[in-house]
Amino acid sequence: MILLLALACTGAPADKDTAAPDTAADTDTDTDTDADTDTDPNVDTAPVDLDGDGYAADVDCNDTNVAVYPGAPELWNERDDDCDGLVDADGAWSGSMQMAASAVYEGRRYDFSLRCPYAGTRTLGQLAFTITCTPDPEDVDAQRLLGETLIVTPKDTDVTGAAWADDVEFTSANGWDSDGEGTITWSSFSDAAVAVQMSGVSLAASGSGDIARE
Ligand SMILES: [Ca+2]
Ligand SMILES: [Ca+2]
Ligand SMILES: [Ca+2]
Ligand SMILES: [Ca+2]
């Protein structure tokens, strides 16, 4: 009996693969049914599509969810549905805003019109942006009352879904700052409208504009 067992464990085992092509490199005893073209019929390299959405695991960014695949409709669900590497409206955003500001100084009112580029990002529930207003460098009153630059930044950066509304801060290069409010409303995953405003005793400003994902 011992001799028979020893004999059974020596030498090349019989090839029982059922798939073509069969090669001399294949010396296993497994029975597999893969239909790939690699030289080892015991290794199945054929693309796998676990969730059956028509996209194999190498291109399907979630092969266990049938609603997620390249080109799938992107939804506001904090998930990358279309496999473009971006969750919802995440990405870099830019655009231009027009701001109106008014200041009262020594009993006289001054009005200013400012063009203010928007630059920011939205990443995994966090918002960051800087709206940089540059008053006319030739306007002595604007420089004195608003500063060389007037910057708007968010105070609370949490964002979910298609809308954000929270406090912002206006900061002048002249050294003062003032709280205001801001909103961003997404009309799609690549377009949004921005509005900011602040209202102080001697200074008020409000602006709006459109931004787009880069
Ligand atoms: Ca799949
Ligand atoms: Ca999938
Ligand atoms: Ca999504
Ligand atoms: Ca996406």
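Cut-off values and rules
- Residues numbered from 1 in each chain as written.
- Chains lettered and ligands numbered in written order.
- Predicted model: local features only at pLDDT ≥ 70, side-chain atom pairs only at ≥ 80, totals over all residues.
- Heavy atoms only, no water.
- Donors = N, O, S within 2.8 Å, 3.2 Å for Na, K, Ca; no water.
- Buried < 20%, exposed > 50% of the residue type's maximum accessible area, 1.4 Å probe, protein only.
- Pairing = 2+ DSSP bridges.
- Helix = DSSP H or I, 4+ residues; strand = E, 2+ residues; numbered from the N terminus.
- Tetrahedral: all angles 85-135°; square planar, octahedral: opposite > 155°, others 65-115°.
- Disulfide = S-S within 2.5 Å.
- Core = buried A, V, L, I, M, F, W, Y, C linked by side-chain atoms within 4.5 Å.
- Contact = heavy atoms within 4.5 Å.
- pLDDT = per-residue confidence, 0-100.

S.K.: Any chance you could break down the coordination of the calcium ion (ligand 4) for me, citing the residues and the numbers?
M.R.: Six octahedral donors around a metal ideally make angles of 90 or 180 degrees; four tetrahedral donors ideally make 109.5 degrees. For the calcium ion (ligand 4), the protein coordination sphere consists of E74 (OE), D80 (OD), D82 (OD), D84 (OD) and L86 (O), at 2.2 to 2.4 Å. We note that the donor set of the calcium ion (ligand 4) lies within a single chain, spaced as E-x5-D-x1-D-x1-D-x1-L. The metal-metal distance between the calcium ion (ligand 4) and the calcium ion (ligand 3) is 5.7 Å, with E74 coordinating both. Owing to a relative accessible area of 15%, D80 belongs among the buried residues under this scheme.

S.K.: Tell me what's going on with the pairing of strand β2 (residues 108–123), and back it up with residues and numbers.
M.R.: Taken together, the 15 bridges between strand β1 (residues 91–105) and β2 define a ladder with antiparallel strand orientation. Following the sheet pairing, W93 is matched in β2 by G120. Between β1 and β2, which follow one another and run antiparallel, lie two residues, and E106 among them has a positive phi close to 50 degrees. Strand direction decides the pairing type here: β2 and strand β3 (residues 126–133), joined by six bridges, are antiparallel. Bridge assignment links Y118 to a residue of β3, and that residue is I131.

S.K.: How would you sum up the coordination of the calcium ion (ligand 1)? Please name residues and give values.
M.R.: Of the protein atoms, only D49 (OD), D51 (OD), D53 (OD), Y55 (O), D60 (OD) and D63 (OD) coordinate the calcium ion (ligand 1), at distances of 2.2 to 2.4 Å. Relative to the metal, the six donor atoms surrounding the calcium ion (ligand 1) lie at angles of 79 to 174 degrees, and the coordination shape comes out octahedral. Here the donor residues for the calcium ion (ligand 1) map to a single chain with the spacing D-x1-D-x1-D-x1-Y-x4-D-x2-D. The calcium ion (ligand 2) is placed at 3.9 Å from the calcium ion (ligand 1), the two being bridged by D51. The exposure class assigned to D49 is partly exposed, which follows from its relative accessible area of 27%. For D51, a relative accessible area of 16% gives the class buried.

S.K.: Can you explain the state of the cysteines? Please cite residues and give values.
M.R.: Counted according to the given criterion, the structure contains two disulfides. Between the sulfur of C61 and that of C83 lies a disulfide, 2.1 Å long from S to S. Disulfide C61 to C83: torsion about the S-S bond roughly -85 degrees, handedness left-handed. Of this pair, C61 sits in the loop between α1 (2–8) and β1 while C83 sits in the loop between α1 and β1, and the two are 22 residues apart along the sequence.

S.K.: Give me the nonpolar core: which residues, what numbers.
M.R.: Soluble globular proteins: nonpolar side chains tend toward being buried together. Counting residues in hydrophobic clusters, the biggest one holds 34 residues, and the most contacted among them are M99, I131 and I184. Contact partners of I131, with chain neighbours within four places excluded, come to M97, M99, C116, P117, Y118, L150, I151, V152, V194 and V196.

S.K.: Tell me about the confidence of the model for the protein, and name the residues and values.
M.R.: Residue-level pLDDT values for the protein average 87, and 79% of them are 70 or greater. Note on residues 1–16: pLDDT under 50 across the span, and eleven contacts to partners over four residues away in sequence or across chains.

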